[in-house]
Amino acid sequence: MNYWLLKTEPNAFSLDDLKEAGVEPWDGIRNYQARNIMRDEMSVGDKVFIYHSRIQPVGIVGEGRVASESYTDPTQFDPSEKYHDAKSDPANPRWSLVDIEYVATYPQVLLLTDLKKMPELDGMVLTRKGSRLSIQPVTEQQWNFIQTLVAGS
DNA sequence: GCCAACGTTGGC
DNA sequence: GCCAACGTTGGC
């Protein structure tokens, strides 16, 4: 069992959208590090925090789980798609994705500004300055600690 | 909307 | 294979 954090811009796709969809292909990831995590490291059943970026309040808003093995992201081959990648070879696709299933909406947003103040989360990728990775690892300790913040309030 | 930090591209 | 220029991310 591994733990991850997925960033999303609620303008484009929010936790509520995921709740409504139930399961959603996490497409449009065009960063090699993030792709490698989905393609090589994620397994069905892994737990993920859903994080809203850009729009206030910025923070962790809920939880999902990995619902499929990785497969080719079809949007890379569709010229009408925002995430079309003309340089991706269909015989050797560049970009992969996994399906993400909705699990829960937390009763309150766990604000980035608060998370940054917590010594237990020192070294978390999310709280690192300049970290832009949209799919990032969360340790079991970090996951469990953040769960206590949800349960305790 | 600004801009620092980061990732990618492409000329050499 | 270096690195400047460019584009993007994302907190503020």
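This write-up is about the structure you can find in this document. (Residues numbered from 1 in each chain as written. Chains lettered and ligands numbered in written order. Predicted model: local features only at pLDDT ≥ 70, side-chain atom pairs only at ≥ 80, totals over all residues. Heavy atoms only, no water.)

Turning to the packing of aromatic side chains, a few remarks are in order. Following the criterion strictly, the structure yields 5 aromatic pairs and no others. Judged by centre distance (3.9 Å) and plane angle (20 degrees), the ring pair of Phe49 and Trp143 falls under stacked. Of this pair, Phe49 sits in strand E3 (residues 47-52) while Trp143 sits in helix H4 (residues 140-151), placing them 94 residues apart in sequence. An aromatic cluster of at least three residues, connected via ring pairs, comprises Tyr3, Phe49, Tyr106 and Trp143. (Phe/Tyr/Trp six-rings, centres within 6.5 Å; stacked < 30°, edge-to-face > 60°. Helix = DSSP H or I, 4+ residues; strand = E, 2+ residues; numbered from the N terminus.)

On to the protein's contact with DNA strand B, then. Taken together, Tyr32, Gln33, Arg54, Lys87, Lys129, Gly130 and Arg132 make up the full set of residues near DNA strand B. At a separation of 2.9 Å, a phosphate oxygen of DNA strand B approaches a polar side-chain atom of Lys129. For DNA strand B, a base oxygen lies 2.3 Å from a polar atom in the side chain of Arg132. Grouping the amino acids of the surface near DNA strand B by side-chain chemistry returns 1 nonpolar, 2 polar and 4 charged. (Near = heavy atom within 4 Å. Polar contact = N/O pair within 3.5 Å; in protein donor to acceptor, adjacent residues only side chain to side chain. Nonpolar A, V, L, I, M, F, W, Y, C, P; charged D, E, K, R; others polar.)

The next thing to look at is the pairing of strand E7 (residues 99-111). As paired strands, strand E2 (residues 23-25) and E7 are joined by 3 bridges and run antiparallel to one another. Bridge pairing in E7 links Pro25 to Asp99. Of the pairings in the sheet, the one linking strand E4 (residues 59-66) to E7 comprises 7 bridges and is antiparallel in character. Residue pairing in the sheet places Gly62 in a bridge with Thr105 of E7. (Pairing = 2+ DSSP bridges.)

This next bit is on the environment of Asn92. Examined against the element boundaries, Asn92 turns out to sit in the loop between strand E5 (71-72) and strand E6 (96-97). Residue classification places Asn92 among the exposed positions, given a relative accessible area of 56%. For the pair Asn92 and Val66, spaced 26 residues apart in the sequence, the C-alpha separation amounts to 24 Å. (Buried < 20%, exposed > 50% of the residue type's maximum accessible area, 1.4 Å probe, protein only.)

Below, the discussion takes up the side chain of Gln142. As for its position among the elements, Gln142 is in helix H4. With residues near it in sequence (within four places) discarded, Gln142 still touches Leu121, Gly123 and Met124. (Contact = heavy atoms within 4.5 Å.)

A word on the layout of surface pockets. For the largest pocket, the calculated volume is near 710 Å³. Around the largest pocket, the lining comprises 20 residues; the ones closest to its centre are Lys7, Asp27, Gly28, Ile29 and Tyr83. Among the secondary structure elements, those contributing two or more residues to the lining of the largest pocket are strand E1 (3-8) and E2. Broken down by class, the residue content of the lining of the largest pocket amounts to 7 nonpolar, 6 polar and 7 charged. (1 Å grid on protein atoms, 1.4 Å probe; cavity = no way out; pocket = protein on both sides within 12 Å on 5 of 7 lines; lining within 4 Å. Points joined across faces, edges and corners; volume = space filled by probe spheres on them.)

Bringing the pattern of salt bridges into the picture now. Applying the stated rule across the entire model yields 5 salt bridges. Of the charged contacts in the structure, one is a salt bridge between Asp40 and Arg39, with a shortest N-O distance of 3.0 Å. Close ionic contact of Asp114 with Lys117 constitutes a salt bridge, the shortest N to O distance being 3.7 Å. With relative accessibility at 64%, the residue Lys117 sits in the exposed group. (Salt bridge = Lys/Arg side-chain N within 4 Å of Asp/Glu carboxyl O.)

Spatially, E2-E7-E4-E3-E1-E8 is the arrangement adopted by the 6 strands of the open sheet, whose pairing is mixed. The open sheet has two edge strands, E2 and strand E8 (135-138), and neither has a second partner. In this sheet, adjacent strand axes meet at a mean angle of 40 degrees when their direction is disregarded. Bridge analysis of E3 against E4 gives 6 bridges, and the strand direction is antiparallel. Of the residues in E4, the one forming a bridge with Tyr51 is Ile60. Across the face of the sheet, helix H2 (residues 32-41) comes into contact with E1 and E8 while running at roughly 60 degrees to E8. Where H4 meets the sheet, it contacts E1, E3, E4, E7 and E8, and its direction lies at approximately 55 degrees from that of E7. (Axes fitted to C-alpha atoms, helices over the stretch in contact; angles between N-to-C directions.)

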